[in-house]
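Analysis of the macromolecular model
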Amino acid sequence: MFSIYILTYNEEIDIAACIESAMLSDDVIVVDSYSSDRTLEIASCYDVRVVKHRFESHGRQRTWMLQEVPAKHEWIYILEADERMTKELFQECLEAIKTTEYVGYYAAERVMFMGSWIRRSTQYPRYQMRLLKPGKVWFSDYGHTEREVCEGATSFLKETYPHYTCSKGLSRWIDKHNRYSTDEAVETLRQLDKGSVNWRELFLGRSEVEKRRALKDLSLRLPFRPLVRFVYMYFFLGGFLDGRGGFAWCTLQAFYEYLILLKVWELKHLPQSPLDDPSQPIPPDDTNVDATTVSSSPR
């Protein structure tokens, strides 16, 4: 058996369905970033543990979780609230953890948007580190998200998981990506100043993860990034075959790229106050840690 961590912040719309999909495991832990909606109230209706920790960044939240929140089992699976565990994926994970050869496994997401699977324009299969052994894998920050650091070999799962990326509505998606674009703008400037493109991994990478990361570093250096991204996703990846949802998805991603470029310009040309600088640490009163365990019967 393996434990399942669920990361949450104001997830009252998704949390019940997410927990119910995770209850295939006998150890489900909700790691909440002090939600202000009904997330914790809903989670308390299930036989799960709830731990609260102030959010700092995606990488630090995951690393804190792995270091400070003990799991019942040797292996753990990381699930986000707008994702679902499936029976098929769960069974494959049970088989995967029998080996001692690997310290972690990547799983591919199926992006669900406007009622359908956006298969082509989302660069499917796009893999994320999900099943892992604590102590052998941790996470560092990269842009608005995280990258895993592994002490040992990794492999890939064949089964996939659904990701309802716009389950809370378009306004929430836009608000979230407005915040993400600020972190991506900072990362863009850092990469242009100190980073480089790994051409070997771009063309000869051993896995889709290596190739995708090298492609990301290359894309930061391309002119007309929003237009290039739309053309690449919609025409070269076949987004036009994803129907109306594919066109909407590609348009939103191009808009997101343009937002990043505008914020890069802002960082270069407009004065920044310490409160507006994403690189500044969170004030001490925002770093408090509190843990609460809740155990009850499922609804």
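First, a word on scope: everything that follows refers to the structure included in this document. Because the structure is a prediction, the values reported are computed rather than measured.

**What about the overall build of the protein chain?**
What the protein chain contains, in helices and strands, is nine helices and 11 strands. For a compact globule of 299 residues, the expected C-alpha radius of gyration is about 19 Å, and the protein chain comes in at 19 Å, within 12% of that figure. Judged by the C-alpha coordinates and their principal axes, the protein chain covers about 55 × 45 × 40 Å. Within the protein chain, the proportion of its 299 residues that are buried is 47%. Taking all contacts inside the protein chain whose residues are at least 6 apart in sequence as the whole, residues at least 24 apart take part in 74%. On the protein chain, roughly 15,300 Å² of surface is accessible, and the fraction owed to carbon and sulfur atoms is 54%. Here the protein chain carries 38 positive and 43 negative side-chain charges, and the mean point of each set is 5 Å from the other.

**Details of the packing of helix H8 (residues 225–236) against helix H9 (residues 243–269)**
Axis angle and axis distance: for two packed helices, these are the angle between their axes and the distance between the axes, and together they describe the pair. Interhelical geometry of H8 versus H9 gives an angle of 160° and a closest axis separation of 8 Å. The angle between H8 and H9 places the two elements in the roughly antiparallel class. Once H8 is placed against H9, the crossing between them reads as right-handed. Contacts between H8 and H9 pair Arg225, Pro226, Arg229, Phe230, Met233 and Tyr234 from the former with Gly246, Phe247, Trp249, Cys250, Thr251, Gln253, Ala254, Tyr256, Glu257, Tyr258, Ile260 and Leu261 from the latter. Tallied by class, residues from the contact of H8 with H9 come to 12 nonpolar, three polar and three charged.

**Details of the nonpolar core**
Judged by nonpolar contacts, the single largest core of 30 residues is most densely connected at Phe2, Ile6, Tyr77 and Leu131. Trp64, Leu66, Ala108 and Tyr127 belong to the second largest nonpolar core, which has 20 residues in total.

**Looking at unusual backbone geometry**
A cis amide bond, omega 0°, links tyrosine 124 with the succeeding residue proline 125. Note that proline 125 resides in the loop between strand E6 (116–117) and strand E7 (127–132). Positive phi, close to 60°, is recorded for tyrosine 34, a residue that is not glycine. Among the structural elements, tyrosine 34 can be located in the loop between strand E2 (28–32) and helix H2 (39–43). One non-glycine residue, phenylalanine 224, adopts positive backbone phi at about 55°. Residue position: phenylalanine 224 is located in the loop between helix H7 (208–219) and H8. Accessibility expressed as a relative area gives 65% for phenylalanine 224, which makes it exposed.

**With respect to the side chain of threonine 188**
Relative to the elements of secondary structure, threonine 188 occurs in helix H5 (residues 170–194). Reaching out from threonine 188, the side chain makes a polar contact with the backbone oxygen of glutamate 184 at a distance of 2.8 Å.

**Topic: the pairing of strand E8 (residues 137–142)**
Two elements, E8 and strand E9 (residues 145–150), share six bridges in a ladder whose sense is antiparallel. Bridge pairing in E9 links aspartate 141 to glutamate 146. Turn length for the E8-E9 hairpin, with the two strands adjacent in sequence and antiparallel, is two residues, and the turn residue glycine 143 shows positive phi of about 60°.

**Things to note about the environment of glutamate 159**
Along the chain, glutamate 159 turns up in strand E10 (residues 154–164). Given the relative accessible area of 33%, glutamate 159 is considered partly exposed. Between the alpha carbons of glutamate 159 and cysteine 93 there is a distance of 9.1 Å; along the sequence they are 66 residues apart. Those residues within four positions of glutamate 159 in sequence are excluded, and the remaining contacts are Glu88, Leu89, Glu92, Ala107 and Ala108.

Criteria and cut-off values
- Residues numbered from 1 in each chain as written.
- Predicted model: local features only at pLDDT ≥ 70, side-chain atom pairs only at ≥ 80, totals over all residues.
- Heavy atoms only, no water.
- Helix = DSSP H or I, 4+ residues; strand = E, 2+ residues; numbered from the N terminus.
- Rg over C-alpha atoms; globule rule 2.2 N^0.38 Å.
- Buried < 20%, exposed > 50% of the residue type's maximum accessible area, 1.4 Å probe, protein only.
- Contact = heavy atoms within 4.5 Å.
- Areas by Shrake-Rupley, 256 points an atom, 1.4 Å probe, with all protein chains shown as cover.
- Lys, Arg positive; Asp, Glu negative; His and termini not counted.
- Charge placed at Lys NZ, Arg CZ, Asp CG, Glu CD.
- Axes fitted to C-alpha atoms, helices over the stretch in contact; angles between N-to-C directions.
- Parallel < 35°, antiparallel > 145°, perpendicular 65-115°, else oblique.
- Left-handed = near helix turned anticlockwise from the far one by under 90°.
- Nonpolar A, V, L, I, M, F, W, Y, C, P; charged D, E, K, R; others polar.
- Core = buried A, V, L, I, M, F, W, Y, C linked by side-chain atoms within 4.5 Å.
- Polar contact = N/O pair within 3.5 Å; in protein donor to acceptor, adjacent residues only side chain to side chain.
- Pairing = 2+ DSSP bridges.

Purely geometric numbers; function is a separate question.
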